[in-house]
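Chains, contacts and geometry: an overview
This is what each chain is made of:
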Amino acid sequence: MTEIDAKIDALVPAWLTVPDIAEMLGVEVTRVRQLIKEGQLIAVRRGENRALHIPAAFIDEDKVVKGLVGTLTLLRDDGFTAEEMLEWLFTPDPSLPGTPAQALSENRGTEVKRRAQALAV
């Protein structure tokens with residue numbers, strides 16, 4: 001968990017709090033915190049009270065977006081910090097088109113993972 005800078009904050013179109021995510025997923029807040037601890041979600045501190053926030057794009061109605069966990073693992077293995085992962089996921093990539101986060105939500109995870117793997121080379 002990290003505090004983010006204004007640049008990355010501006011890249012992410014919408015944020016949700018941990019309780020919001022818990023309600024959407026139909027789980028306890030402690031389970032969402034566990035998902036963060038396990039690296040299945042990225043949470044950052046932002047706002048006046050520095051509450052934990054997760055990009056809304058990571059949640060698809062009542063589940064974590066398909067392909068996100070594997071993509072986060074690839075990026076982490078490549079040495080990316082949470083901030084760098086957010087920046088990469090929410091920066092437009094003309095070859096996709098759109099952002100990697102958008103591609104994941106459109107079930108184009110294979111393309112996103114291929115690009116993430118290419119970063120390691």
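Keep in mind the model is a prediction, meaning the values are calculated, not measured.

Rules of the game
- Residues numbered from 1 in each chain as written.
- Predicted model: local features only at pLDDT ≥ 70, side-chain atom pairs only at ≥ 80, totals over all residues.
- Heavy atoms only, no water.
- Axes fitted to C-alpha atoms, helices over the stretch in contact; angles between N-to-C directions.
- Helix = DSSP H or I, 4+ residues; strand = E, 2+ residues; numbered from the N terminus.
- Parallel < 35°, antiparallel > 145°, perpendicular 65-115°, else oblique.
- Left-handed = near helix turned anticlockwise from the far one by under 90°.
- Contact = heavy atoms within 4.5 Å.
- Nonpolar A, V, L, I, M, F, W, Y, C, P; charged D, E, K, R; others polar.
- Buried < 20%, exposed > 50% of the residue type's maximum accessible area, 1.4 Å probe, protein only.
- Arc of directions from axis to C-beta.
- UniProt positions renumbered as here; feature names shortened; annotations may be inferred.
- Pairing = 2+ DSSP bridges.

**Digging into the packing of helix α4 (residues 68-77) against helix α5 (residues 82-90)**
Direction vectors running N to C along α4 and α5 enclose 125 degrees, while the axes themselves pass 10 Å from each other. The orientation of α4 with respect to α5, classified from their angle, is oblique. At the point where α4 passes α5, the crossing takes the right-handed sense. The residues of α5 that touch α4, namely those facing L68, T71, L72, L75 and R76, are M85, W88 and L89. Partitioned by chemical class, the residues of the contact of α4 with α5 number 6 nonpolar, 1 polar and 1 charged.

**Some remarks on the environment of L25**
In this structure, L25 sits in helix α2 (residues 18-25). Taking the relative accessible area as the measure of exposure, L25 reaches 17% and is therefore buried. C-alpha separation for the pair L25 and D62, spaced 37 residues apart in sequence, amounts to 4.5 Å.

**Topic: helix α3 (residues 29-37)**
Here α3 has its buried residues at V32, L35 and I36. Down the axis of α3, the smallest arc covering the buried residues is 100 degrees, so these residues share one side. Exposed residues lying more than 90 degrees from the buried face of α3 are T30 and K37. Against α2 and β4 (51-55) lie the buried residues of α3. Following α3 by one or two positions, G39 has its phi on the positive side, about 85 degrees.

**Regarding the UniProt feature "domain: Rv2175c C-terminal" (unreviewed entry) in the chain**
Taking the UniProt record as the reference, the feature "domain: Rv2175c C-terminal" (unreviewed entry) is found at residues 65-120. Note that residues 65-120 is 64% helix and 0% strand, and that its end C-alpha atoms are spaced 23 Å apart.

**Some words on the pairing of β4**
β4 sits mainly inside the fold: 4 of its 5 residues count as buried. Bridge analysis of strand β2 (residues 15-17) against β4 gives 3 bridges, and the strand direction is antiparallel. Residue pairing in the sheet places T17 in a bridge with H53 of β4. Taken together, the 3 bridges between strand β3 (residues 44-46) and β4 define a ladder with antiparallel strand orientation. Looking at the pairing, R46 lines up with A51 of β4. Between β3 and the antiparallel strand that follows it, β4, lie 4 residues; G47 among them carries a positive phi value of about 85 degrees.

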